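Examination of the molecular architecture
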Amino acid sequence: MAKVKVAMDWLAGCAGCEMSVLDMDERLVQLLEKIELTSTPITDLKHPPKEGVTVGILSGTVNNTVNVEVAKEMRERCKILVALGDCAVFGGVMTMRNFCDMNEALKRAYVETESTVEGTIPSSEELAKPIKACPVKDIAKVDVFLPGCPPSADAIHYVLSELVQGRIPVLTGENLKYD
Ligand code: SF4
């Protein structure tokens, strides 16, 4: 049986969700007998393949113009899109920035932090432009929401196992956490 193609990418996040993926430990090795991970931040292979994948997984908040491009590209190239973690599902802590003026937030981050000396706000045409932070669903249709900060390895394993079997996972009990 052909392996199910799965692509992962991250937006604005802390990599905790990816650590939780790795926390599946030996179960990840078993899953790899059934799935092909075409691209992931873990392997530093970017962009889902042009020919498409069955499952696309996005972690992190949509926080800038490049995040928007990454989210749209994943949506175009996958059949089932999974939002992995509270940042992708709800917007997460990043959305606290939405309560501030953008320039004030940038100034606080790059100039005023207690550990910064002579900081400047980065400015280049090549850099992504910050936007109002939002969950993935505000940019692209999401088929499976997997909350948690991060979701547990058990919950991620359950979701991937169901998707490999051709079923849309229904999260309940311990797998459905918001912390
Ligand atoms: Fe990090 Fe939590 Fe966001 Fe995942 S949901 S990227 S663990 S802050």
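Every value quoted in this text rests on a predicted model; they were computed, and no experiment measured them.

A closer look at the nonpolar core
Within the largest apolar cluster, 24 residues are counted, with the highest numbers of intra-cluster contacts made by Met-24, Val-55, Ile-57, Val-82, Leu-84, Leu-146 and Ile-156. At the level of elements, β1 (4-10), α1 (16-22), α2 (26-31), β3 (53-59), β5 (78-84), β7 (144-146) and α6 (153-164) are the ones that each hand at least two residues to this core. Here Met-24 is in contact with Leu-31, Ala-153, Ile-156, His-157 and Leu-160, once residues within four sequence places are set aside. Core analysis: the second largest hydrophobic core is formed by 18 residues, Val-53, Ala-71, Met-74 and Val-142 among them.

As for the environment of Asn-64
Here Asn-64 is to be found in strand β4 (residues 62-64). Along the primary structure Asn-64 and Val-4 are separated by 60 residues, whereas in three dimensions their C-alpha atoms are 30 Å apart. Apart from residues no more than four positions distant in its own chain, Asn-64 is found in contact with Ala-128, Lys-129, Pro-130 and Ile-131. Here Val-66 takes part through its backbone nitrogen, which lies 3.0 Å from a polar atom of the side chain of Asn-64. From its side chain, Asn-64 meets the backbone nitrogen of Asn-67 in a polar contact 2.8 Å long.

Overview of the site of the ligand
As a structural note, the neighbourhood of the ligand is formed by Gly-13, Cys-14, Gly-16, Cys-17, Gly-85, Asp-86, Cys-87, Gly-148, Cys-149 and Pro-150. For the shell around the ligand, the elements supplying multiple residues, two or more each, are α1 and α4 (86-90). Tallied by class, residues from the shell around the ligand come to 5 nonpolar, 4 polar and 1 charged.

Focus on the sheet that holds β3
Spatially, 5 strands are ordered β2-β1-β3-β5-β7 in an open sheet, and the strand pairing comes out parallel. The strands lining the two open edges of the sheet, one partner per strand, are β2 (35-39) and β7. Between one strand axis and the next, the sheet turns by 25° as a mean value, whatever way the strands run. Where β3 and β5 come together, 6 bridges link them in parallel fashion. Directly across from Ile-57, in β5, lies its bridge partner Val-82. In this fold helix α3 (residues 65-77) packs onto β1, β3 and β5, with an angle of close to 140° to the strand it touches most, β5. Each of β1, β2, β3, β5 and β7 is contacted by α6, which is oriented at about 160° to β7, the strand it contacts most.

Brief notes about α3
With 13 residues, α3 extends 19 Å between its outermost C-alpha atoms, agreeing within 8% with the 18 Å of an ideal straight helix rising 1.5 Å per residue. Within α3 the residues assigned to the buried category are Asn-67, Val-68, Val-70, Ala-71, Glu-73, Met-74, Arg-75 and Arg-77. Each element contacted by the buried residues of α3 is listed here: β1, β3, β4, β5 and β6 (130-134). The N-cap of α3, judged by a side-chain oxygen 3.0 Å from the amide nitrogen of Val-66 a few residues on, is Asn-64.

Each value, and the rule that gives it
- Residues numbered from 1 in each chain as written.
- Predicted model: local features only at pLDDT ≥ 70, side-chain atom pairs only at ≥ 80, totals over all residues.
- Heavy atoms only, no water.
- Core = buried A, V, L, I, M, F, W, Y, C linked by side-chain atoms within 4.5 Å.
- Buried < 20%, exposed > 50% of the residue type's maximum accessible area, 1.4 Å probe, protein only.
- Helix = DSSP H or I, 4+ residues; strand = E, 2+ residues; numbered from the N terminus.
- Contact = heavy atoms within 4.5 Å.
- Polar contact = N/O pair within 3.5 Å; in protein donor to acceptor, adjacent residues only side chain to side chain.
- Near = heavy atom within 4 Å.
- Nonpolar A, V, L, I, M, F, W, Y, C, P; charged D, E, K, R; others polar.
- Pairing = 2+ DSSP bridges.
- Axes fitted to C-alpha atoms, helices over the stretch in contact; angles between N-to-C directions.
- Expected span 1.5 Å × (residues − 1).

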